[in-house]
Amino acid sequence: MIDVSSKDVVLREALAEGTLILGANTLGQIARGTIRKGDPFTFAEAAALLAVKQTHLLIPHCHPLPIESVEVSFRQDEDSVNVRCRVKARARTGVEMEALVGVSMALNTLWDLVKYLEKDERGQYPGTRISDIRVLSKEKGHPSP
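A brief look at the structure comes next. (Residues numbered from 1 in each chain as written. Predicted model: local features only at pLDDT ≥ 70, side-chain atom pairs only at ≥ 80, totals over all residues. Heavy atoms only, no water.)

Let us look at the overall build of the protein. Across its full length, the protein carries four helices and four strands. Reading the protein from its N end, one meets helices and strands in the order β-α-α-α-β-β-α-β. Surface exposure of the protein reaches about 8200 Å², of which carbon and sulfur atoms provide 51%. Side chains of the protein carry 19 positive and 19 negative charges; the gap between the two charge centres is 2 Å. (Helix = DSSP H or I, 4+ residues; strand = E, 2+ residues; numbered from the N terminus. Areas by Shrake-Rupley, 256 points an atom, 1.4 Å probe, with all protein chains shown as cover. Lys, Arg positive; Asp, Glu negative; His and termini not counted. Charge placed at Lys NZ, Arg CZ, Asp CG, Glu CD.)

This part is about the environment of Glu96. With respect to the element layout, Glu96 can be found in helix 4 (residues 96–118). When the C-alpha positions of Glu96 and Arg86 are compared, they lie 9.1 Å apart, and in sequence the two are ten residues distant. Not counting the four nearest positions on each side in its chain, Glu96 is found in contact with Ala14, Val135 and Lys138. (Contact = heavy atoms within 4.5 Å.)

Glancing now at the packing of aromatic side chains. Scanning all chains against the criterion turns up two aromatic pairs. Judged by centre distance (4.8 Å) and plane angle (35°), the ring pair of Phe41 and Phe74 falls under tilted. Note that Phe41 is positioned in helix 2 (residues 40–53) and Phe74 in strand 2 (residues 67–76), a separation of 33 residues in sequence. Under the relative-accessibility criterion, Phe74 is labelled partly exposed at 25%. Summarising the aromatic geometry, the rings of Trp111 and Tyr125 are spaced 5.5 Å apart at their centres and angled 80° between planes, so their arrangement reads as edge-to-face. Here Trp111 is found in helix 4, whereas its partner Tyr125 is found in the loop between helix 4 and strand 4 (129–143), with 14 residues between them in sequence. (Phe/Tyr/Trp six-rings, centres within 6.5 Å; stacked < 30°, edge-to-face > 60°. Buried < 20%, exposed > 50% of the residue type's maximum accessible area, 1.4 Å probe, protein only.)

Positive phi, normally seen in glycine, also occurs at Asp132, with a value near 55°. Within the secondary structure, Asp132 sits in strand 4. The class for Asp132 is exposed, based on a relative accessible area of 55%.

Once that is clear, we can look at helix 2. Along its 14 residues, helix 2 runs 20 Å from first to last C-alpha, staying within 8% of the 20 Å computed at 1.5 Å per residue. If you check which residues of helix 2 are buried, you get Pro40, Ala44, Ala47, Ala48, Ala51 and Val52. Considered in projection along helix 2, the buried side chains sweep an arc of 130° and stay on one side of the axis. In this fold, the buried residues of helix 2 make contact with helix 1 (24–32), helix 3 (55–58), strand 2, strand 3 (80–91) and helix 4. Its side-chain oxygen at 3.1 Å from the backbone nitrogen of Phe41, Asp39 defines the N-terminal cap of helix 2. (Expected span 1.5 Å × (residues − 1). Arc of directions from axis to C-beta. Polar contact = N/O pair within 3.5 Å; in protein donor to acceptor, adjacent residues only side chain to side chain.)

Mapped onto the elements of the fold, Thr109 is located in helix 4. Look at Thr109 and you get buried, because its relative accessible area is 15%. Beyond its immediate sequence surroundings of up to four residues, Thr109 is in contact with Phe43, Ala44 and Ala47.

Let's shift gears to the pairing of strand 3. Of the pairings in the sheet, the one linking strand 1 (residues 10–21) to strand 3 comprises twelve bridges and is antiparallel in character. Looking at strand 3, one finds that Val10 is bridged to Ala91. Where strand 2 and strand 3 come together, nine bridges link them in antiparallel fashion. In the strand pairing of strand 3, Ser73 is matched with Arg84. What sits between strand 2 and strand 3 in their antiparallel hairpin is a turn of three residues. (Pairing = 2+ DSSP bridges.)

Structure, rendered in C-alpha cells:
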C-alpha cells in the first residue's frame, strides 16, 4: 500500500452517483411498492452502507478508513433510478473509492431485486443497464486537532 503516514488527518468527503436503466413496468412496480422481495431502496441503502465500510477489502490499495458518515439517496426518473452516495471520514486519504463502491453496490442490489421483471422471454436483460458511475465531487478539509 502507499505510505500515507506523512499526510495530515483531515475531513474528507466524496459524492458519487450512478444510474440503473429499467423498463416502465419495473419502475411502475417500484413506485407502487409491489416488488416481490420488498422495498428495493431499503435493501439498496443497506447494501451501500455495508459496501462502503468494506471497500478496503475489495480494492487492494485502499486503506481501511474510519467512516463517519454515509448518505445514500435515490431518485426515480421516467426510465431509470439514480443513486447517489456521499461518504465522509477524517483520514489521511480520500473516500472516493468508498463512494463509488457504495453506488455500485446499491445499483447491483436494485437490479437483483427487480431482475425478475426485467428479463425477456429468453431470460436476458436487453434494456437493463448500469451506467454513468462517477465521482461528482470530492473535498478535503483542514487538519483535525
